[in-house]
Amino acid sequence: MRRLPSQLLKGSLAGALLQVIANRETYAYEIHQALVAAGFGEIADGTIYPLLLKLEKANQISGEKRASPNGEPPRKYYHLLPAGQAALAEFEADWTQLATAMRRLKGAQGSKRSQAKL
């Protein structure tokens, strides 16, 4: 799998984290695994934790430490707050607009090529 350019990833990672947390209450390692499984590639823990903290400070998510199974250290489980739901909806609208614009550009290029061949 190709590694995503860091600038593209940087602009979409917060929305991706909100989506993972919206799907179910979860902790950082599971979030990382979900992102990798979805095709985001390997993402450093040093990228995920600061974003989680930023989302928490913005009152978009809330974290709660809980005991882990098998005597492991406690885990911080995150869930989405109303501000996070609103931020996710805004991100999805922005993403849809961007994807639509890119498809239009691609379609415009295809039309120009077809017309040039005539």
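Note that this is a predicted model, so its numbers are computed, not measured.

Q: Describe the environment of Leu13, naming the residues involved and giving the relevant values.
A: Topologically, Leu13 is positioned in helix H1 (residues 6–23). Placed 61 residues apart in sequence, Leu13 and Pro74 show a C-alpha to C-alpha distance of 25 Å. When neighbours within four sequence positions are excluded, Leu13 is seen to be in contact with Leu35, Phe40, Ile43, Thr47 and Leu51.

Q: Describe the packing of aromatic side chains, with residues and values.
A: Scanning all chains against the criterion turns up 2 aromatic pairs. Ring centres 5.2 Å apart and planes at 70° place the aromatic pair Tyr27 and Tyr77 in the edge-to-face group. Of the two residues, Tyr27 sits in strand S1 (residues 26–27) while Tyr77 sits in strand S3 (residues 75–80), which places them 50 residues apart along the sequence. By the burial criterion, Tyr27 is buried, and Tyr77 matches it.

Q: Now, about the packing of H1 against helix H2 (residues 28–38): what can you tell me, with residues and values included?
A: Where H1 meets H2, the axes come as close as 10 Å, and the angle between the chain directions of the two elements is 110°. When the interaxial angle is binned, H1 and H2 end up roughly perpendicular. The element H1 and its partner H2 pack so that their crossing is right-handed. From H1, Leu13, Ala16, Leu17, Val20 and Ile21 reach across to H2, where they touch Ile31, Ala34 and Leu35.

Q: So, unusual backbone geometry: which residues are in play, and what are the values?
A: The backbone of Asn59 shows a phi angle near 60°, a positive value even though the residue is not glycine. Tracing the chain through its elements places Asn59 in the loop between helix H3 (45–57) and strand S2 (61–66).

Q: Break down the sheet that holds S2 for me, with residues and values.
A: Spatial strand order, S1-S3-S2: 3 strands in an open sheet with antiparallel pairing. Bordering the open sheet on either side are S1 and S2, each of which pairs with just one other strand. Two elements, S1 and S3, share 2 bridges in a ladder whose sense is antiparallel. Residue pairing across strands places Thr26 opposite Tyr78, the latter belonging to S3. Strands S1, S2 and S3 of the sheet are contacted by H1, whose axis makes an angle of about 95° with S3.

Cut-offs used in this document
Residues numbered from 1 in each chain as written. Predicted model: local features only at pLDDT ≥ 70, side-chain atom pairs only at ≥ 80, totals over all residues. Heavy atoms only, no water. Helix = DSSP H or I, 4+ residues; strand = E, 2+ residues; numbered from the N terminus. Contact = heavy atoms within 4.5 Å. Phe/Tyr/Trp six-rings, centres within 6.5 Å; stacked < 30°, edge-to-face > 60°. Buried < 20%, exposed > 50% of the residue type's maximum accessible area, 1.4 Å probe, protein only. Axes fitted to C-alpha atoms, helices over the stretch in contact; angles between N-to-C directions. Parallel < 35°, antiparallel > 145°, perpendicular 65-115°, else oblique. Left-handed = near helix turned anticlockwise from the far one by under 90°. Pairing = 2+ DSSP bridges.

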